[in-house]
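Coordinate inspection notes
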Amino acid sequence: MKRAALLLLLLTASAAHAQMYKWKDEKGVTHFTETPPPATAKKAEVKNYNTAGAGGAELPAELAEAVRARPVVLYTTPNCGAGCNMARTLLANRGIPYREKTVSTNDDFDAMKKAGSEGQVPFLLVGRTRQIGFEQGAWDSALTQAGYPTEKMLPPGYSNPPPAPAAPPRAPSAEEVAASKAEADRAAAAAEKARRERETPQNAPPNFRF
């Protein structure tokens, strides 16, 4: 539900847009991804999201079109070191709008593998094009072929979204919801018992009630 609300907000925030895909897998589970869905996807739809950046500055038409047609996503890990730093530096120097996805959990790793990586980082997606491991020449070529300008064109005030986990937060299971409710009920009952004990006179007869 939170992801759907976020998507709706992004859809209506600006006239400049990039692509996001909404699709269902063979189990009927709905996914939102920046990459095209697999051939087995059901009810695939192309959605749009805001490309104005975290700072609210809209992109020039040429750059906005590249973002719309071939969005850039960078996958990193907390300990990937020099390779990820060089990847960020290249994207910053060329003024490439991108979203960074961090890989810290097994769910994040699975999400990155589904996106096309074999586990190596940095991993870059430029639309459908994949770049596994940093190699400046190959990355520059992929970005240029995707229509991104070679010179920085980002407007003042533009900033990329902050890094986010590669896998969306997992919704609690029915068992977890039930356990949480039971714990809340026990805490409420204990608080009510303590309140009554405080309000009952010490010498009150059994079953005394105010």
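These lines cover the structure that appears in this document, whether it is placed above or below. (Residues numbered from 1 in each chain as written. Predicted model: local features only at pLDDT ≥ 70, side-chain atom pairs only at ≥ 80, totals over all residues. Heavy atoms only, no water.)

1. Here's the deal with the packing of aromatic side chains
Under the definition given, this model contains two aromatic pairs. Their ring planes at 70° and their centres at 5.0 Å tell us that F134 and W139 sit as a pair that is edge-to-face. Here F134 falls in the partly exposed class, since its relative accessible area comes to 21%. The buried category is assigned to W139, whose relative accessible area is 0%. (Phe/Tyr/Trp six-rings, centres within 6.5 Å; stacked < 30°, edge-to-face > 60°. Buried < 20%, exposed > 50% of the residue type's maximum accessible area, 1.4 Å probe, protein only.)

2. Concerning the pattern of salt bridges
One side chain can pair with another of opposite charge once the charged atoms of both are near each other. Scanning the entire structure with this criterion turns up seven salt bridges. Notably, a salt bridge pairs D185 with K181, separated by 3.1 Å at the nearest N-O pair. Residue D185 and its partner K181 are located together in helix α6 (residues 174–199), separated by four residues, close to a single helical turn. The partner of R196 in a salt bridge is E192, and the shortest N-O contact between them spans 3.0 Å. With R196 and E192 both in helix α6, this residue pair falls four residues apart, about one helical turn. Among the residues examined, R196 registers a relative accessible area of 46% and is labelled partly exposed. On the basis of relative accessible area, E192 is assigned to the partly exposed category, the value being 29%. It is possible to trace a salt-bridge network through shared partners that takes in E192, R195 and R196. (Salt bridge = Lys/Arg side-chain N within 4 Å of Asp/Glu carboxyl O. Helix = DSSP H or I, 4+ residues; strand = E, 2+ residues; numbered from the N terminus.)

3. Thoughts on the nonpolar core
The tendency in soluble globular proteins is for nonpolar side chains to be buried side by side. Grouped together as the largest cluster of nonpolar side chains are 21 residues, with contacts concentrated most on V72, L74, L91, L124, V126, L143 and Y148. Taken together, the elements giving at least two residues each to this core come down to α2 (61–69), β4 (72–76), α3 (82–94), β6 (123–126) and α5 (136–145). Top contributing element to this core by residue count: α2, with four residues. Ignoring any residue separated from it by four or fewer positions in sequence, one finds V72 in contact with L91, I96, P97, Y98, R99, L124, L125, V126, L143 and Y148. The next biggest cluster of nonpolar side chains, apart from the first, holds 11 residues, and it includes V73, A115, V121 and A166. (Core = buried A, V, L, I, M, F, W, Y, C linked by side-chain atoms within 4.5 Å. Contact = heavy atoms within 4.5 Å.)

4. A closer look at the sheet that holds β4
Across the sheet, which stays open at both edges, the five strands sit in the order β7-β6-β4-β5-β8 with mixed pairing between neighbours. Across the chains shown, the open sheet's two edge strands, defined by having one partner strand only, are β7 (129–132) and β8 (164–165). Sheet analysis places β4 next to β6, joined by four bridges and oriented antiparallel. Within β6, the residue paired with Y75 across the bridge is F123. Of the strands in this sheet, β4, β5 (99–102) and β6 touch α3, which is tilted by about 160° from β4. Along the sheet, helix α4 (residues 106–115) makes contact with β4, β5, β6, β7 and β8, crossing β6 at roughly 45°. (Pairing = 2+ DSSP bridges. Axes fitted to C-alpha atoms, helices over the stretch in contact; angles between N-to-C directions.)

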